[in-house]
Amino acid sequence: MRRMVCLALLTAVMVGACSRSTPDQQAVNDAAEALGGSDRIQAVKTIVIEGEGTLGNLGQDVRPDATGQTFTVTGYRRAIDPAGGRARTELTRSPNFQYFAGQMPQTIVQGVDGEVGYNVAANGTATRTLNAAAGDRRAEIYHHPITSVRAALDPGATLTNPRTENGQSLVDVRTAGGVTFTLAVDSGTMLPARVMSALDNTNLGDVVVETTFADYQDVDGLQLPGRLTTTTDGVTTADIRVTRQTVDAEAGDLAAPAAAASAAPMAGPPPATVAVEELAPLVWLLAGQSHHSVLVEFEDHLTLIEAPQNDTRALAVIAKAKELRPDKPLTQLVVSHHHFDHSGGVRAAVSEGLTVIAHENAADYLEAAGKRPHTAMPDALAKAQRPVNVEAVDGERMLMDKTMTVNLYAIEGNPHADTLLMAHFPRERLLVVADVYTPGAAVAPYAPNLLENVRKRNLRVDRIVPLHGKVVPFSELVKVVPVAATN
Ligand SMILES: [Zn+2]
């Protein structure tokens, strides 16, 4: 379309007017000029951004709507090679809250090189990410004024839907490589104000990831933002203040590490394995690679505790439950807490017709999550189109019939989450918990509160069934709680 307009205009006016012939192109051209000129932008080979700031804790805060937990970021360094479709980010993050992995700073190294997304562990081992994560990182390359405008200037790009909103000119861009984003240009300064990408989130479905640019400064004749703030579905996930940035300086090796580059592409999570262990008559641990579930048999139905991670995991667990007890319907799912890794399979459970039982502080979120659109990457529930039914637990709830009793209790006052339920089996003296105690973990910051909750309710427990790690005697929990905390 753009070219046709240009050809028509060429006969009558000078070439310069051609590029200003449509509003979509004009927003891009204005932005290019404000940033330092299209020639200068197109000549950029690398950008290196150093800084500090904060990261959010999306999906892992104490409540679904809480945003108080952040990580302080130091040593932030992001190198981008726009022409090569490569970017690499290194940072060190320290939790400003009581974190399950302890308070020690963690260094994160991750990148993308064309189709290959990769992470580099602390010991230097590189692994390839899922294709979806690589796609997110390819999209993120354009979350910068230079890369987004550079891509929009490319004759192979498609610009559509020019519009004005709140003093900004917006245009949808499809890059020559097929990545889509929306560029918003400030109508006053003509500088890019933000870039938005429509992406998929396992728990939230369709989300907009948006990066806002502020505090522009001159760097070698280019205007570059001194602050980049990213939100996911409206929640701040990164806020970086630039301390130093360079254009075309030494960017380091941005090629994917060999171990990641040579690994096979992964269209989805690896297949889920479910290891069955009978914990007591009518109670089974359905153990996973990292996240477990528990199956409970009642007189006329089955109840599942936990549908973690994603469709792949949850559907494998549900299939195993049906295989173990094919003659009884699986009707209920108990959710330990709202955290994304523990609730990522709730939609899959709903797609299988299960009623969801959750802490009252998690109920609204889970119900809303069950209704959200997942058009970018349709999941099992998007395909099944079943209604979500969530039952909220206020303090405690007893699941009981002639053959089985399971008592669900809210874990009160635990800094890990305000949405936690524990499941106590009074006859079997089992206690099922997630995250608040993981046997063998280096630190156990939430264990004192768990012990307090168990004692407050006078629960008799012989074995703890953690949804991470191994089943252990109750005495193991007592051992990791400092004596002072129990007084
Ligand atoms: Zn958690």
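Scroll up a little and you will see the structure.
Caption draft 1: Broad picture of the overall build of the protein chain. The secondary structure content of the protein chain amounts to 15 helices and 26 strands. Counting only C-alpha atoms and orienting by the principal axes, one finds that the protein chain spans roughly 90 × 45 × 45 Å. The 487 residues of the protein chain split such that 50% are buried. Nonlocal contacts in the protein chain, meaning residues at least 24 apart in sequence, comprise 58% of its contacts between residues at least 6 apart. Here the protein chain has roughly 21,200 Å² of accessible surface; of this, 52% comes from carbon and sulfur atoms. Side chains of the protein chain carry 42 positive and 55 negative charges; the gap between the two charge centres is 3 Å.

Caption draft 2: A look at the coordination of the zinc ion. Taken together, the protein ligands of the zinc ion are H337 (NE2), H339 (ND1), H416 (NE2) and D435 (OD), with distances of 2.0 to 2.1 Å. Taken together, the four donor atoms coordinating the zinc ion and their angles of 89 to 167 degrees define a geometry best described as irregular. All donor residues of the zinc ion come from one chain, and their arrangement in sequence is H-x1-H-x76-H-x18-D. In this pair, H339 is assigned in the loop between β18 (330-334) and α9 (340-343) and D435 in the loop between β24 (430-433) and α13 (447-456), connecting sequence segments 96 residues apart. Here the two residues H339 and D435 agree in accessibility, since each one is buried.

Caption draft 3: Geometry of the pattern of salt bridges. A full pass over the atoms with the stated rule returns 24 salt bridges. For the salt bridge of R163 with E165, the shortest nitrogen-to-oxygen distance reads 3.7 Å. Among the residues examined, R163 registers a relative accessible area of 24% and is labelled partly exposed. Its relative accessible area of 34% is what places E165 among the partly exposed residues. Residues participating in the shared-partner salt-bridge network are E396, E412, K456 and R457.

Caption draft 4: Up close: the nonpolar core. V149, L183 and L366 are the most contacted members of the largest nonpolar core, which has 78 residues in total. Contacts of L183, omitting those with residues within four sequence positions, involve V28, S148, V149, S169, L170, V171, V173, P192, R194 and V195. Counting residues in each nonpolar core, the second largest holds 25 residues, with L285, A287, A423 and L467 among its members.

Caption draft 5: Here's a closer look at the packing of aromatic side chains. All told, the structure shown has six aromatic pairs when counted by the stated rule. Centre to centre, the rings of Y142 and F181 are 5.3 Å apart; their planes meet at 15 degrees, and the pair counts as stacked. Of the two residues, Y142 sits in the loop between α5 (131-141) and α6 (145-153) while F181 sits in strand β9 (residues 180-186), which places them 39 residues apart along the sequence. The same class applies to Y142 and to F181, which are both buried. Pairing F340 with Y365 gives two aromatic rings, centres 6.2 Å apart and planes at 20 degrees, and the pair type is stacked. On the criterion of sequence distance, the pair formed by F340 in helix α9 and Y365 in helix α11 (residues 360-371) is long-range, its members being 25 residues apart. Look at F340 and you get buried, because its relative accessible area is 12%. One aromatic cluster in this structure is built from F71, F97, Y99 and F100. A cation over a ring is seen here: R93 above F71, with NZ or CZ 3.8 Å from the ring centre.

Conventions we followed
Residues numbered from 1 in each chain as written. Predicted model: local features only at pLDDT ≥ 70, side-chain atom pairs only at ≥ 80, totals over all residues. Heavy atoms only, no water. Helix = DSSP H or I, 4+ residues; strand = E, 2+ residues; numbered from the N terminus. Buried < 20%, exposed > 50% of the residue type's maximum accessible area, 1.4 Å probe, protein only. Contact = heavy atoms within 4.5 Å. Areas by Shrake-Rupley, 256 points an atom, 1.4 Å probe, with all protein chains shown as cover. Lys, Arg positive; Asp, Glu negative; His and termini not counted. Charge placed at Lys NZ, Arg CZ, Asp CG, Glu CD. Donors = N, O, S within 2.8 Å, 3.2 Å for Na, K, Ca; no water. Tetrahedral: all angles 85-135°; square planar, octahedral: opposite > 155°, others 65-115°. Salt bridge = Lys/Arg side-chain N within 4 Å of Asp/Glu carboxyl O. Core = buried A, V, L, I, M, F, W, Y, C linked by side-chain atoms within 4.5 Å. Phe/Tyr/Trp six-rings, centres within 6.5 Å; stacked < 30°, edge-to-face > 60°. Lys NZ or Arg CZ within 6 Å of the ring centre and 35° of its normal.

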